Amino acid sequence: KSKKDVPLGEKPEPVRTHMRNMIILPEMIGSVVAVFNGKDFIKVEIKPEMVGMYLAEFSITYKPIRHGRQGMGNKFVPLR
């Protein structure tokens with residue numbers, strides 16, 4: 001289904017792509033694109049503010065880490 005065939009208030013079926021270097025065009029506004037990040041597909045709903053940007057900017061390829069959190073491999077034991 002295209003974005004024109006979908007009833008009002010519903011989102012169209014996502015289009016799956018590996019093309020992370022594709023620039024978002026004005027014709028794409030309102031559609032849903034599933035962008036491959038190397039492991040799985042991340043759904044991105046195209047909005048007017050996104051025009052001119054790359055699809056890759058909305059599908060992060062790495063998992064952000066947090067340094068220094070308790071219980072995450074921290075072996076430090078304070079002296080009493």
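For clarity, every value in this text was computed on a predicted model and none was experimentally measured. (Residues numbered from 1 in each chain as written. Predicted model: local features only at pLDDT ≥ 70, side-chain atom pairs only at ≥ 80, totals over all residues. Heavy atoms only, no water.)

Quick look at the overall build of the protein chain
Here is the rule: Helix numbering and strand numbering both begin at the N terminus, where a helix is a DSSP run of H or I of at least 4 residues and a strand a DSSP run of E of at least 2. Note on contacts: a residue pair is in contact if any heavy atoms of the two residues lie within 4.5 Å. Working definition of accessibility: Shrake-Rupley area with a 1.4 Å probe, residue cover restricted to the visible protein chains.
From N to C terminus, the protein chain includes zero helices and three strands. Its helices and strands taken in sequence order, the protein chain reads β-β-β from the N to the C terminus. Look at the contacts in the protein chain between residues 6 or more apart in sequence, and 37% of them connect residues 24 or more apart. Carbon and sulfur atoms form 57% of the exposed surface of the protein chain, whose accessible area is close to 6,900 Å².

Focus on the environment of Glu13
Inclusion rule: With a 1.4 Å probe rolled over the protein chains alone, any residue whose accessible area is under 20% of its type maximum counts as buried; one over 50% counts as exposed, and the rest are partly exposed.
Residue position: Glu13 is located in the segment before β1 (15-17). A residue is classified by how much of its surface remains accessible, and Glu13, at 56% relative accessible area, is exposed. In sequence terms Glu13 and Ser31 are 18 residues apart; their C-alpha atoms lie 8.2 Å from each other.

Overview of the side chain of Asn37
Filter applied, for reference: For the purposes of these results, a polar contact is taken to be a pair of N or O atoms within 3.5 Å, where, inside protein, one atom must be able to donate a hydrogen and its partner to accept one; residues adjacent in sequence count only when each atom of the pair is a side-chain atom.
Of note, Asn37 is situated in the loop between β2 (32-36) and β3 (41-45). Only 3.1 Å separates the side chain of Asn37 from the backbone nitrogen of Lys39, close enough to count as a polar contact. Only 3.0 Å separates the side chain of Asn37 from the backbone nitrogen of Asp40, close enough to count as a polar contact. Beyond its immediate chain neighbours, meaning those up to four positions away, Asn37 contacts Arg20, Ile42, Ser59, Ile60 and Thr61.

Looking at the sheet that holds β3
Note the cut-off: Whether two strands pair depends on DSSP finding at least two bridges between them. As a rule, the C-alpha atoms of each element are fitted with a line to give its axis, helices using only the stretch in contact, and angles between N-to-C directions run from 0 to 180 degrees.
The three strands are arranged β1-β2-β3 in an open sheet whose pairing can be described as mixed. Single-partner strands in this sheet number two, and they are β1 and β3. Here the strands of the sheet are splayed against their neighbours by 25° on average, with no regard to which way each runs. The pairing of β2 with β3 spans five bridges and is classified as antiparallel.

Quick word on the nonpolar core
Let me state the cut-off plainly: Nine residue types can take part in a nonpolar core, namely buried Ala, Val, Leu, Ile, Met, Phe, Trp, Tyr and Cys, and a core is a set of them joined through side-chain atoms within 4.5 Å.
One finds Ile24, Met28, Val33, Val35, Val44, Ile46, Met50 and Leu55 forming the largest nonpolar core, which totals eight residues. Discounting chain neighbours no more than four positions away, the residues touching Leu55 are Thr17, Met19, Arg20, Met22, Ile24, Val33, Val35 and Ile46.

Regarding a nonpolar patch on the surface
Defined as follows: Surface patches are defined over residues having more than 30% relative accessible area and no salt bridge, joining like charges when they lie within 9 Å and nonpolar side chains (Val, Leu, Ile, Met, Phe, Trp, Tyr) when within 5 Å. Salt bridge, as used here: a side-chain nitrogen of Lys or Arg that lies within 4 Å of a carboxyl oxygen of Asp or Glu.
A contiguous nonpolar patch, built from Ile23, Leu25 and Tyr54 and spanning about 270 Å² of accessible area, is present on the exposed surface. Turning to its location among the elements, Tyr54 is positioned in the segment after β3. Assessed through its relative accessible area of 40%, Tyr54 is described here as partly exposed.

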